[in-house]
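This is what each chain is made of:
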Amino acid sequence: MEPAPATAVVEENEEEASMAFTVVVAIAACVVAAAVYRFFLSPAKPPSSTPAGGGGGSKKPTVPTNSTGAKAALIKGKEAASKEAEKGVPLRILWGSQTGTAEDFSSQLADEARKHGFAPRSTDLEDFSAEDLADEKTVIFVAATYGEGEPTDNAKDFYAWLMHDDREPGLLERVNFTVFGLGNRTYEHYNAIGRAIDRRMEELSAARFYERGEGDDDSSLEEDFAKWKKGLWGPLCRLHDLPFEGAALETESYDVKARNTLVFVDHASEEGQRALQRFKETGHAVGTTKQGVHDAKNPLVCQVVVNRELHGSTSERSCRHIEIAVPDNITYEPGDHVGVYANNDPDLVLALAKRLGAEADLDRLIALAPAAAAAASSKAKYTMGPVTLRQALLELVDITTPPRKSLLHALVQYARSDADSAALKALSAGTDQPAHEPRGLNYAQWIKEDRRTIGEVLEALPSVAVPVGHLLELLPALAPRYYSISSSPLEHPGRIHITCVVTRFTTRTGRLHHGVCSTHFLRLLPGTAQEEGEERHTVPLFVRKSQFRLPKSVSTPLIMVGPGTGIAPFRGFIHHRKHLREEGGARGEAVLFFGCRERAKDFLYEEELNTALASGHLSNVLVAFSREQNEKDRLREHKELVWTLLEEQKAHFYICGDAAQMAPAVRAAVVDIVAEKLADNDRDQAEAYVARLHEQGRWATDVWF
């Protein structure tokens, strides 16, 4: 099960840089550098890793020392790549992003801000000192809402500081601000974080210079952002007495400069040897084998020890039970999530490399260095690498998710035919009105609904000759996939269990789409023979704490609703309470409402549940087979039980599963049950009753879309 975050990470630098592939020829006894604008297929012998202009006698670029390696540098954001001051009015852009969309939007804002005379600093909220907020003159927040109204991982500390009661009311009276929030209307707490930041900034006396914007990832996120952004610059420029001509915004510029230069790293060099040794030790471009504090930027590489099928032999689908061995310093509680970094489909990687003309270079070490800094000094840090090109395409960038409009916009400059140029302009337009180009392409249908990958886009537009280095920069980072942990550390110490449905479907283009992580798990089968050089049965992972928690007392009853893989956290709950009860304490009822299609095909963990029933650790399992009824019907069928547990025994109610249909339907069913018990069947009072359950911590959801 993958509880999806409200919305993959694109690198940012402060400096614009000219786009080029750079081949550096080091001449012995001379300090000469020749920057050559070439396409990636250069047949020349791989040069040393010295960036353009570095010179043969200068020091080699510093390799990031973070043990996570290339991924840490990639996710860190582009601001670290260039610290040189820019000319213009200071503007701080602070972003909170779980999968990279907010970071990408911040990068777009920074690019446009420069054109209006600003010197923007786009900053990860995790890297920003909250105490310095009062010293900023103008701030733009781009903040995503994760899950059930939570801040993103990188925004948690800042958000906690901002919301703390100790903040003085006049603290931010000299700060001007605006907010763009990212969310998904499927979730109950739509755009909660953007709204909360907007409200709190005003409470602390900051001045809102432009209305808050909101984007809906369920339908029109990029269009919402484009519309809000278009109206931003007039108020912002007037605030700082900068000239503003609205008509200038109507003229699209497709000259998107690359901020990084691709360099080749000599395998025999010191940094090349370090990169190869790191890969030899971990088997991945992401993660470490050294124990420490592990999070999204420093995942730990762990061994997959069990990988078995949960569906019956007659099922046309697949669901896997995965067990991963973890050391003592990886701790979790039932209800937490595990973030897993997976590999892209090797076939997609090969196809994309062929389309780029880079198949022969897949096993060469490459790195991305800040282009402007590389031209002046060889001391700049890399924003990616050193890694092989194959590793980069497999592990570091997302080549499966349909490309964003900002990426398609940047590709326009590389189209060599008018038809392909017109198609990209239409696809990257701010709205999805009928396109004024021969094929009538629009983003919503041709990209999103057809689920085209970047490789498919490039195949359909053959004249587009994007350099590999710039494409690596433009592609979002491959984000971790989150799963509800389906085990208890008391029942299975040293293990994390995952219940994962394998995603497979045919797109409208005829391509068989494979879920990135679930399909990657299929390639990790312990006990199968491994040839030299094959990937290991390991995954980089980290634990993400959740608010989906068991009650403090084992005597508190539970009502759990989880169809399909929604059973995952409840399996952990049942195992955990078993051990807590064995240590003593009164027994609270535990009722599970489970849904599946057919008993013989996809009744997950049926034997385990029967054992829990027989031992009394589970009070009841009420199954809805979808060909006959669903979970909400079973709830209504057992309305007396539900009401008694909620009202008389103060049970906690849990929902895990689909956010779009199942979770709202279950909530509506509970409202119906409550309304029947109230005077005059008052639905408003019933809604208020369920809302109070949430306020009291007795209603929790772990949902995805």
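Report follows, based on the coordinates. (Residues numbered from 1 in each chain as written. Predicted model: local features only at pLDDT ≥ 70, side-chain atom pairs only at ≥ 80, totals over all residues. Heavy atoms only, no water.)

Here we look at the sheet that holds strand β13 (residues 384-388)
Logical step 1: With antiparallel pairing, 3 strands are arranged side by side in an open sheet as β8-β12-β13. What marks the edges here is a single partner per strand, and that holds for β8 (260-264) and β13. Sheet twist, expressed as the mean angle between neighbouring strand axes with direction ignored, is 20°.
Logical step 2: Direction of pairing for β8 relative to strand β12 (residues 365-370): antiparallel, over a ladder of 5 bridges. Within β12, the residue paired with Leu262 across the bridge is Leu368.
Logical step 3: Most of the contacts of helix α9 (residues 389-396) go to β13, to which it runs at about 115°, and overall it touches β12 and β13. (Pairing = 2+ DSSP bridges. Helix = DSSP H or I, 4+ residues; strand = E, 2+ residues; numbered from the N terminus. Axes fitted to C-alpha atoms, helices over the stretch in contact; angles between N-to-C directions. Contact = heavy atoms within 4.5 Å.)

Quick notes on the sheet that holds strand β22 (residues 652-658)
Logical step 1: In spatial order, the strands read β21-β20-β19-β22-β23; together these 5 strands make up an open sheet with parallel pairing. For this open sheet the edge positions go to β21 (620-625) and β23 (699-704), each flanked by a neighbour on one side alone. Averaged over all neighbouring strand pairs, the angle between strand axes comes to 10°, with direction disregarded.
Logical step 2: Both β22 and β23 contribute to a ladder of 6 bridges, which runs parallel. Residue Phe653 lies in a different strand from β23, and its bridge partner there is Trp699.
Logical step 3: Here helix α21 (residues 662-677) sits on the sheet in contact with β19 (558-561), β22 and β23, set at roughly 150° to β22.

Focus on the pairing of β23
Logical step 1: With respect to burial, β23 is a largely interior element, 6 of its 6 residues being buried.
Logical step 2: The alternating pattern of β23 places Trp699, Thr701 and Val703 and Ala700, Asp702 and Trp704 on opposite faces, both of which are buried. (Buried < 20%, exposed > 50% of the residue type's maximum accessible area, 1.4 Å probe, protein only.)

Points about the packing of helix α3 (residues 156-163) against helix α4 (residues 192-203)
Logical step 1: At a minimum axis separation of 10 Å, α3 and α4 run at an interaxial angle of 40°. Between α3 and α4, the angle is such that the two are oblique. Our pair here, α3 against α4, has a crossing hand that is left-handed. Here Tyr159, Leu162 and Met163 of α3 lie close against α4, whose contacting residues are Ile193, Ala196, Ile197, Arg200 and Met201. (Parallel < 35°, antiparallel > 145°, perpendicular 65-115°, else oblique. Left-handed = near helix turned anticlockwise from the far one by under 90°.)

Distances and angles like these do not, on their own, reveal function.
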